[in-house]
Amino acid sequence: PTARMFSRADDRAERERLRSPAGRRRAPGDPEVLELDGMPDAWFYRSRVRGRSRIFVYLHSRGADPREACRRFSDVVTRFGWLVCPVGPGHRGGGRYVWNNNATLARRYSVAAMDALGRRFARRVRWTDNVIMGFSEGAFVAMQTGLFEPTRFSRWVIFAAHDGYIDMNRELYPAARRALRKVYLITGAHDAIVEHTRRANTLMRRERLGRVEMRILPGAAHELPPQFDAEVRRALRFVTR
């Protein structure tokens, strides 16, 4: 079925509920709400790093619950910096959202969330040299967001990468070549797109789009890593070193 847009009345009601005093009460481990104008509010977790630290923006997969996805990443990511999880524009009910393959909106939502976090915690966040992450449909919009914003997002962690996600934007390569620093591509060996991940690795290395590391996970399919904490920690250590 076609995804409903966030501007529908039921989505507005959910947004107001989250902003209400009752909606702001969080159970231990729940993310906080980052209010954004004219778009879905994002979820975020505070950095456990002292001083200024990087922002890690995670773009969820198609039909995922962004709140639960954010919670899953929180324990690992907050040891490195801030975690921000924008919400896609298409609502499928039950707290599940999609990006509608709209990389333009994903870029706008990601930048708006970073700017909102920066205004709220001005002395504790970095404005540049941050990390974009994404899985599946989130990988599609994350790789394009990273190409369009290589100074803000000079480091990438991409789950289930595909060469086609960036091959369409070759005019952006010169700026990306100057700004990108480290890219980590991670895909299951049994994922149907694993050969496209290998091609993405070859393409980015050939075009000198950052220092690229690729990891193919034995036994895994189209999914986030089964050994989640260890694999995500490995990726984050690589891109932040």
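Just above sits the structure.
The structure reproduced in this document is the subject of the present report.

Rules and cut-offs
- Residues numbered from 1 in each chain as written.
- Predicted model: local features only at pLDDT ≥ 70, side-chain atom pairs only at ≥ 80, totals over all residues.
- Heavy atoms only, no water.
- Helix = DSSP H or I, 4+ residues; strand = E, 2+ residues; numbered from the N terminus.
- Buried < 20%, exposed > 50% of the residue type's maximum accessible area, 1.4 Å probe, protein only.
- Contact = heavy atoms within 4.5 Å.
- Areas by Shrake-Rupley, 256 points an atom, 1.4 Å probe, with all protein chains shown as cover.
- Expected span 1.5 Å × (residues − 1).
- Polar contact = N/O pair within 3.5 Å; in protein donor to acceptor, adjacent residues only side chain to side chain.

Turning our eyes to something else, we now look at the overall build of the protein chain. Summing up its helical and strand segments, the protein chain has 9 helices and 11 strands in all. Counting all 241 residues of the protein chain, 57% fall into the buried class. Nonlocal contacts in the protein chain, meaning residues at least 24 apart in sequence, comprise 73% of its contacts between residues at least 6 apart. When the accessible surface of the protein chain is totalled, it reaches about 10,900 Å², and 47% of it is carbon and sulfur.

Once that is clear, we can look at helix α4 (residues 103-120). For α4, which comprises 18 residues, the first-to-last C-alpha distance of 26 Å matches the rise-based estimate of 26 Å (1.5 Å per residue) to within 8%. Taken as a whole, α4 has its buried residues at A103, L105, A106, Y109, S110, V111, A112, A113, M114, A116, L117 and G118. The secondary structure elements touched by the buried residues of α4 are β2 (32-34), β3 (42-45), β4 (54-59), β5 (81-85), β8 (131-135) and α5 (137-148). Taking the backbone nitrogen of T104 as reference, a side-chain oxygen 3.2 Å away marks N102 as the first, capping residue of α4.

Limitation: the analysis is restricted to geometry and does not speak to function.
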